[in-house]
Amino acid sequence: MFFDTIVWALRTNTKEWPAESRHMYKPDTLGFDKIYILNLERRPERRERIEKILAELKLDYSIFSAVDGRKLNPERLAELGVTILPGYEDMSLKRNMTYGEVGCTLSHYFIWKDMIANNYNKIWIIEDDASFFPMFRKQFSRAFADIEEFVPNWDLMFLARKPMEKEPESFVEGAKYAKWPGFSYWGLSYAITRGGVDKIMRQNPLRKLAPIDELLPIMYNRHPMPEWKKLFKKRDLIAVSIHPLLIVPSWWFGETECISDSEVSETVSPETKECS
């Protein structure tokens, strides 16, 4: 039933959504200092698609140019001060990190740097393959109010994620629309506070760079790999998840329409893996 609902949401045209999702609002940021949309410059079709959706949703946003893994190499990583997380191997595919994954993490990292430079308190990051459930604004407003009331000290708020554990997750006490996330993947859409970014930056993430999918659950201490977690000395990010989730990918990996710039990419050579 859940999968059927997701498929329905993915295939629904925003023009068919109820009028209140389209016409009742002037473009705004829903209370965030800034909404960042991550988009590779060589993917203009994705930018066009997401901009049409955001216009329907009346969201005020900024396009942020993602780091292209195709333009990375060992020399560029050295210039940026990047070393790959020691001992990293993709848990499912048993391969080294790809340059696409490195570029994805760097894209989020540079957004965090921009947040600091502009002294923002809380921001919302959306990757360009996101799809929104109908009545998004209404559902988000009630979930966000829940989180602000019952988890006022949140650092990271998932609007989209892929739970990776079989065990059921707990609702935040008193809340109807918020859960404590277990080990989860995706950096597809999340909000983060300045305090949350500071916690990540204090760990010097470029010196032990991990895919964003791994870094976030490491930082809220729900990752299953203890040898990776121990390299991050303080894993105290306060993470919470909107429930039910309001954003899903537009395409699933393996579908004909899906082009994953992080998965389908050259792997980083072993000699760049050790920290100096």
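Structure first, text after, so check above.
Residues numbered from 1 in each chain as written. Predicted model: local features only at pLDDT ≥ 70, side-chain atom pairs only at ≥ 80, totals over all residues. Heavy atoms only, no water.

Engineer: Would you mind showing me how to read the side chain of Asp128 here?
Structural biologist: Considering the arrangement of structural elements, one finds Asp128 in the loop between strand S3 (122-127) and strand S4 (130-132). You can call Asp128 buried: its relative accessible area is 6%. When near neighbours in sequence (up to four residues on either side) are disregarded, Asp128 contacts Leu38, Asn39, Leu40, Arg46, Arg49 and Ile50. (Helix = DSSP H or I, 4+ residues; strand = E, 2+ residues; numbered from the N terminus. Buried < 20%, exposed > 50% of the residue type's maximum accessible area, 1.4 Å probe, protein only. Contact = heavy atoms within 4.5 Å.)

Engineer: In this structure, what is going on with the environment of Val268? I would like to understand it.
Structural biologist: One can find Val268 in the segment after strand S11 (247-249). Take Val268: its relative accessible area is 1%, and that puts it in the buried class. C-alpha of Val268 to C-alpha of Asn96: the two residues are 172 residues apart in sequence and 6.3 Å apart in space. The residues touching Val268, leaving out its near neighbours within four places in the chain, are Ile84, Asn96, Met97, Thr98, Tyr99 and Val102.

Engineer: Quick question: what am I supposed to make of helix H5 (residues 136-150) here?
Structural biologist: Spacing of three or four residues puts side chains on the same side of an α-helix, whose turn is 3.6 residues. Along its 15 residues, H5 runs 21 Å from first to last C-alpha, staying within 8% of the 21 Å computed at 1.5 Å per residue. Of the residues making up H5, those classed as buried are Phe136, Arg137, Gln139, Phe140, Ala143, Phe144, Asp146 and Ile147. Summarising the contacts, the buried residues of H5 are in contact with S3, S4, strand S5 (156-158), strand S7 (178-179), strand S10 (239-242) and S11. (Expected span 1.5 Å × (residues − 1).)

Geometric descriptors of this kind do not, in isolation, establish any biological role.
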